[in-house]
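Remarks on the overall topology
Residues per chain, in single letters:
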Amino acid sequence: MLKITILLLGLFWCLGLWIEGRDAAKSRATLRHVVHVNGTRGKSTVCRLIEAGLRAGGLRVFCKTTGTDPMTIDVSGNEEPLHRRGKANIKEQVGILRRAAAQNAEVLVIECMALQPEYQRCAQHRILQADVGVITNVRHDHADVMGDSLPEIADTLSNTIPRGGVLFTADEAMAARLRSHAEVLGSRFVLARPTGDEPDFDFAENISLALAVCEDDGPIIIGPKTSNIPMLAIVFILSCVKI
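Everything quoted here is computed from the prediction, not taken from an experiment.

**Let's talk about the overall build of the protein chain**
- Assigned secondary structure in the protein chain consists of nine helices and eight strands.
- Taking all 243 residues of the protein chain together, 48% fall into the buried category.
- In the protein chain, once contacts between residues fewer than 6 apart in sequence are set aside, the share between residues at least 24 apart is 64%.
- Of the roughly 12,100 Å² that the protein chain leaves accessible, carbon and sulfur atoms contribute 56%.

**Concerning helix α4 (residues 117-128)**
- In this model α4 runs 15 Å from its N-terminal to its C-terminal C-alpha over twelve residues, within 8% of the 16 Å that 1.5 Å per residue would give.
- Once α4 finishes, Gln 129 follows within two positions and takes phi at roughly 50°, a positive value.

**Digging into the side chain of Ser 27**
- As for its placement among the helices and strands, Ser 27 is situated in helix α1 (residues 2-28).
- A relative accessible area of 10% means that Ser 27 is categorised as buried.
- Each residue touching Ser 27, except ones within four places of it in the same chain, is listed here: Leu 97, Arg 98 and Ala 101.

Quick notes on the rules
Residues numbered from 1 in each chain as written. Predicted model: local features only at pLDDT ≥ 70, side-chain atom pairs only at ≥ 80, totals over all residues. Heavy atoms only, no water. Helix = DSSP H or I, 4+ residues; strand = E, 2+ residues; numbered from the N terminus. Buried < 20%, exposed > 50% of the residue type's maximum accessible area, 1.4 Å probe, protein only. Contact = heavy atoms within 4.5 Å. Areas by Shrake-Rupley, 256 points an atom, 1.4 Å probe, with all protein chains shown as cover. Expected span 1.5 Å × (residues − 1).

Rendered as structure tokens:
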């Protein structure tokens, strides 16, 4: 009897995973692009900056940040706190995909909420299937799950690099290692560095990284080329975003 019970529980668990995977794939198929933002510092800020820049380019954007106070920004620009029951779980991303699809969003900008390498990999390759990856920076943090050295942490963060997409980063020190991971997955690599012209309302690296994503005109076209909008106009819109 015990064996039958365990078998049934296992079958129900597998069925649940299959249904979630099917729902995620169905919602993902309606989105032109998913931008998955990872990194040690600045993820929430960069998500908001990218969301603001793409919205300025005329796209319908849905955004979700994790951070201390999880938040969603719908396609109309309305912010709503994300209320959780219990601990954070990467299955939450399935619901975000569903909400973005229900609002006919063209682009979902979403912050990585996983720390463990296997959960990061699952969130990217089984749930979100983002075609645009962003790694803000590589710093020492969460050594117990991400690694003791910067190269180890870079390897962990690389679990969210897309297959056949594009990876953006502002981390010059780990650029070569991140580029190597991107090449293995067939993704283009873009290192975004400050030009010195960035305003001082936030870290220059965050602003230059967000602008690089918004203005990209490579094989992965995020939308109407926002570089046609004067850079100062984009920066003004970004500066008005509540960080």
